[in-house]
Amino acid sequence: MPTTTRPLSLRPALAALTAGMALACSAWLPAQAQVQADAGADWAPRKSTEFIVPSGAGAALDVAARKLTELLTREKLAPGFIVSNKSSAHGIVALEGLHRHPGDAHALMTLSTSYGNSLAQNALPDHLQKGTPLATLFREFVTVVVRADSPLRSTQDLIAHLKQDPGKYSIGIATTLGNHIHLGVAQPLKLAGVDIKGLRIVPYKSSAESMTALVGGHLDVVSATTPNLLPYLQSGRVRVLAIAAEQRLGGAFAQAPTWKEQGIDYVSDSFQGVMTVPGASAAQKAYWVAALRKVSETREWKEFVALNQWEPWFQGPQATQQLLQAQLDTNQALLTELGLLPPAPRKIAKAL
């Protein structure tokens, strides 16, 4: 008799798959439940969350977002994340992605000082001004850096040449004119007497790209935050002319002088944090704030922040909104001098 082959039943495989999924879900639900209880929230993410980064891959914003999402997942505070890099002027492409699903907090986005400056410049259309700030995570410091073989040995050299010809050197920034990276080099140069309107500023999609251009000989100077130049500094390919910190940092930056010790009274006050969609409910907001606070208290996050020479600084939604407004007010005069501020600067939208 011919042998009859019976189709294999999929039921055992499906049952095993279902059981595995249930086990995976049960592993992170208790942690979520605890955060919900701590926050007094009745909401928690139940699917993968998109984390939108308004810069290219490999830059400081991207590095921080990927570590943050890794720890949120590892601490079982969310089922998982998809990190989306959306670099554009004023973060408009990233903001469009964030605002696409109002009220659905399964989308987060890096919030940085640049957002407030973009609002100040009236660079964002009305429908992109209603995001929900969640938290500030850390302060970051802007550096001014040159190649190791550059004839510029100090800020005094840079200032002396730029006073004679403000456009003498190409200065790379990321990602937008008027953001904290741009102001982080313009402000101290202004204090030193340089005509900053004449600076030759070259925007890049990310500081990773501007640093590549610098070491490749396509730029003379770069303004960037500390993580972006760390590998180049460790390998001896670049030299830091100045760092906008209150005092010298440690590690690879121990030899990097501050602006203040070189006679320029300037310290940057930029920061990174997280925002979510417009129309987020109180429960959604409370959950994410509690989850971000929990991650910020982990040993691994603290070590990561220290490695990148950032200053840990957790602030909640209200304090974060106040920070944005304070920076906007502080930078208005500088943005005006650079020709980047409209005649009547607006306040941070109340919808925030």
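Refer to the structure printed above.
Values in this document were obtained by computation on a predicted structure and should not be read as measured data. (Residues numbered from 1 in each chain as written. Predicted model: local features only at pLDDT ≥ 70, side-chain atom pairs only at ≥ 80, totals over all residues. Heavy atoms only, no water.)

(A) Just the overall build of the protein chain, in detail. Across its full length, the protein chain carries 11 helices and 11 strands. Going through the 352 residues of the protein chain one by one, you find that 54% of them count as buried. Taking the contacts inside the protein chain whose residues are at least 6 apart along the sequence as the reference set, 77% of them involve residues at least 24 apart. Accessible surface, the protein chain as shown: approximately 15,500 Å² in total, 54% of it carbon and sulfur. (Helix = DSSP H or I, 4+ residues; strand = E, 2+ residues; numbered from the N terminus. Buried < 20%, exposed > 50% of the residue type's maximum accessible area, 1.4 Å probe, protein only. Contact = heavy atoms within 4.5 Å. Areas by Shrake-Rupley, 256 points an atom, 1.4 Å probe, with all protein chains shown as cover.)

(B) Structural view of the nonpolar core. Counting residues in each nonpolar core, the largest one holds 38 residues, and the members touching the most others are L68, L72, Y287, W288 and W301. Looking at this core, the elements that each hand over two or more residues are α1 (11–39), β1 (49–53), α2 (60–74), β2 (81–85), β4 (132–139), α9 (282–296) and α10 (299–307). Of all hydrophobic cores here, the second largest spans 34 residues; its members include A120, L152, I173 and L183. (Core = buried A, V, L, I, M, F, W, Y, C linked by side-chain atoms within 4.5 Å.)

(C) Geometry of the sheet that holds strand β6 (residues 170–174). In spatial order, the strands read β7-β6-β8-β5-β9; together these 5 strands make up an open sheet with mixed pairing. The sheet terminates laterally at β7 (200–204) and β9 (238–243), the two strands that pair on one side only. The sheet shows a mean angle of 30 degrees between the axes of neighbouring strands, taken without regard to direction. Bridge analysis of β6 against β7 gives 5 bridges, and the strand direction is parallel. Within β7, the position partnered with S170 by the bridge is R200. Its contacts with the sheet put helix α6 (residues 180–191) on β5 (142–147), β6, β7 and β8 (221–225), and the angle it makes with β8 is roughly 120 degrees. (Pairing = 2+ DSSP bridges. Axes fitted to C-alpha atoms, helices over the stretch in contact; angles between N-to-C directions.)

(D) Local environment of the pattern of salt bridges. Here the structure, examined in full by the defined rule, presents 14 salt bridges. Between R66 and D62 there is a salt bridge; the shortest N-O distance is 2.8 Å. On the criterion of helical spacing, the pair formed by R66 and D62 is a turn pair, its members being 4 residues apart in helix α2. D62 gets classed as buried once you look at its relative accessible area, which sits at 3%. Residues E311 and R139 are paired through a salt bridge, measuring 2.9 Å at the closest nitrogen-oxygen approach. Taken together, the positions of E311 in strand β11 (residues 311–315) and R139 in strand β4 put the pair 172 residues apart, joining distant regions of the chain. On the basis of relative accessibility, which here comes to 33%, the residue E311 falls in the partly exposed class. For R139, a relative accessible area of 23% corresponds to the partly exposed category. What emerges from the salt-bridge pattern is a single network uniting K67, E70, R74 and E300. (Salt bridge = Lys/Arg side-chain N within 4 Å of Asp/Glu carboxyl O.)

(E) Main features of the packing of α2 against α10. One way to put it is that α2 packs onto α10 with a least axis distance of 11 Å and a crossing angle of 170 degrees. Overall, the two elements α2 and α10 adopt an arrangement that is roughly antiparallel. In this structure, α2 uses V63, A64, K67, L68, E70, L71 and R74 to contact α10, whose residues at the interface are E300, W301 and F304. Looking at the contact of α2 with α10 residue by residue, the classes come out as 6 nonpolar, no polar and 4 charged. (Parallel < 35°, antiparallel > 145°, perpendicular 65-115°, else oblique. Nonpolar A, V, L, I, M, F, W, Y, C, P; charged D, E, K, R; others polar.)

(F) Representation of α2 within the structure. The first and last C-alpha atoms of α2 sit 21 Å apart over 15 residues, in line with the 21 Å expected at 1.5 Å per residue. Inspection of α2 places A60, L61, D62, A64, A65, K67, L68, T69, L71 and L72 among the buried residues, and these make up the whole buried set. One or two positions beyond α2, positive phi appears at K76, with a value near 60 degrees. (Expected span 1.5 Å × (residues − 1).)

(G) Region of the structure containing the packing of aromatic side chains. Enumeration over the complete set of coordinates arrives at 8 aromatic pairs. For the pair W43 and Y287, a centre-to-centre distance of 5.9 Å together with 80 degrees between the ring planes defines the contact as edge-to-face. Placement of the pair is W43 in the loop between α1 and β1 and Y287 in helix α9, with a sequence separation of 244 residues. Exposure remark for W43: the relative accessible area of 15% places this residue in the buried category. One aromatic cluster is present, built from ring pairs that chain together W43, F81, Y287 and W288. Over the ring of W313 we find R139, and its NZ or CZ is 3.6 Å from the ring centre. (Phe/Tyr/Trp six-rings, centres within 6.5 Å; stacked < 30°, edge-to-face > 60°. Lys NZ or Arg CZ within 6 Å of the ring centre and 35° of its normal.)

(H) The pairing of strand β3 (residues 107–112), seen in detail. With 6 of its 6 residues buried, β3 lies for the most part within the structure. What you see with β3 is no split at all: A107, M109 and L111 on one side and L108, T110 and S112 on the other are buried throughout. With 3 bridges joining them, β1 and β3 adopt parallel strand pairing. Within the sheet, the bridge partner assigned to E50 lies in β3 and is A107. Sheet topology places β3 next to strand β10 (residues 271–276); 5 bridges connect them, and they run antiparallel. Bridge pairing links L108 to T276 in β10.

(I) Broad picture of the side chain of T226. Tracing the sequence through the fold places T226 in helix α8 (residues 226–234). Among residues more than four places away in sequence, those in contact with T226 are F141, T143, I243, L249, F253, N308, Q309 and W310.

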